[in-house]
Amino acid sequence: MKRSRHVLGLAFLTMMLFLTAVCLWPAYLQQAEMAENDSASSDTDAGPQIMVLNYHKVSDEFLSLAVAPADFDWQMRYLKEHNYHSITPDELYAALEGTGALPENPVLITFDDGYQDNYDNAYPILKKYGFKGTVFVVTSFLGTRKGYLTWDECREMEKNGMTVASHTVDHKSMTDLTNDQLRAELVESKKKAEAELGHEVKYMAYPTGTYNLHIAQLVREAGYKAAFTIKYGGVSRKSNIYALERVPIFHTEHTNKDFVERIHYTPLFESFGWTKH
């Protein structure tokens, strides 16, 4: 008898759970649909994911920061054959502000420090594929240190679609500097570049990638429109305009394979929230 009551009790409980599920299922579906719509709306608000590639040297030196010219040529050909279109920082900024449209598969190709090989090796390859790039230069190094660009080379590149921007005066880690030193690095590099190039310099990249919100505020006060980090990820309207993400490209054991993986997997990682912090 006890066993019969126990079985009946289980049957009654099962029936009640079933009826509850039937009653709640439509509400659950509605909530799930609303969540999905909210997610889609959020993605729409963020706009497209924009790839910003970050190079340093383009040379045959055996360094992680030095991508071989042959590999750089392969990578630019890959972008060309897969219908990527290079953009300028101005075009990126306009898109983030909602005042400009981007081409299909936009990519901003950037170089840090202003090495001589950017002019000797990278620049001709970019022209070969009809691409433009952006070079963030350390202003005190140009024309004074061997292995770095000259201002004449910068002016020539700009006449052919390239953009030259600031990487500060001396390439010091910005989190190690006082406020006065920070302002000098930001303001003086901007003034020097503007005097040499003959136009406003609106963008900068943080040396060694080090920054914080206070430094970003000083960048804004110095008159820059945007700043680039080495934080891994794609840029969207959700990005901090003074802490824009980039995808670093290095020399590795499988340089070009790694390049392709970063091109294709970064947007996927972004969708899971794995790269923005």
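Scroll up a little and you will see the structure.
Summary of the structure given here. (Residues numbered from 1 in each chain as written. Predicted model: local features only at pLDDT ≥ 70, side-chain atom pairs only at ≥ 80, totals over all residues. Heavy atoms only, no water.)

Relative to strand β9 (residues 226-232), strand β8 (residues 203-205) runs parallel, the two sharing 3 bridges. Following the sheet pairing, Tyr203 is matched in β9 by Ala226. After leaving β8, the chain enters helix α7 (residues 213-221) and then returns to the sheet as β9, a path that is right-handed. Summarising the sheet, β9 and strand β10 (residues 244-248) pair through 2 bridges and their orientation is parallel. For Tyr232, the partnering residue across the bridge sits in β10 and is Arg246. (Pairing = 2+ DSSP bridges. Helix = DSSP H or I, 4+ residues; strand = E, 2+ residues; numbered from the N terminus. Right-handed = clockwise from strand over helix to strand, strands pointing away.)

This paragraph deals with unusual backbone geometry. Working note: non-glycine residues mostly have negative phi, and peptide bonds are mostly trans. For Asn105, which is not a glycine, the phi torsion comes out positive at approximately 50°. As for its position among the elements, Asn105 is in the loop between α3 (89-97) and β5 (106-113). Here Asn105 falls in the partly exposed class, since its relative accessible area comes to 31%. In the Ramachandran plot, His171 falls in the positive-phi region, its phi being about 60° despite a non-glycine side chain. With respect to the helices and strands, His171 occurs in the loop between β7 (163-166) and α6 (179-197). With relative accessibility at 26%, the residue His171 sits in the partly exposed group. (Buried < 20%, exposed > 50% of the residue type's maximum accessible area, 1.4 Å probe, protein only.)

This paragraph deals with the pattern of salt bridges. Close approach of charged atoms allows side chains with opposite charge to pair. Taken as a whole and judged by the stated rule, the model has 15 salt bridges. We note a salt bridge from Glu91 to Lys132, for which the minimum N-O separation is 3.7 Å. Pair noted here: Glu91 is in helix α3 and Lys132 is in the loop between α4 (116-128) and β6 (134-137), with a separation of 41 residues, a long-range link. On the accessibility criterion, Lys132 (25% relative accessible area) is partly exposed. In this structure, Glu194 engages Lys190 in a salt bridge whose closest nitrogen and oxygen atoms are separated by 2.7 Å. Of this pair, Glu194 and Lys190 are both found in helix α6, 4 residues apart, which corresponds to roughly one turn of the helix. Residue Glu194 is classed as partly exposed on the basis of its relative accessible area, which comes to 23%. Overall, the relative accessible area of 9% leaves Lys190 in the buried class. (Salt bridge = Lys/Arg side-chain N within 4 Å of Asp/Glu carboxyl O.)

Looking now at the packing of α4 against helix α5 (residues 151-159). Direction vectors running N to C along α4 and α5 enclose 35°, while the axes themselves pass 10 Å from each other. Seen along the crossing, α4 lies across α5 with a hand that is left-handed. Contacts from Gln116, Tyr119 and Tyr123 of α4 reach α5 at Glu153, Glu156 and Met157. When the residues that make up the contact of α4 with α5 are grouped by side-chain class, the tally is 3 nonpolar, 1 polar and 2 charged. (Axes fitted to C-alpha atoms, helices over the stretch in contact; angles between N-to-C directions. Left-handed = near helix turned anticlockwise from the far one by under 90°. Contact = heavy atoms within 4.5 Å. Nonpolar A, V, L, I, M, F, W, Y, C, P; charged D, E, K, R; others polar.)

Here we take up the pairing of β5. Within β5, 8 of the 8 residues are buried, which leaves it mostly tucked inside the rest of the structure. Here strand β1 (residues 51-55) pairs with β5 via 5 bridges, running parallel. Each residue of the ladder has a partner; that of Leu53, found in β5, is Ile109. The pairing of strand β4 (residues 85-86) with β5 spans 2 bridges and is parallel. Paired with His85 across the strands is Pro106, a residue of β5.

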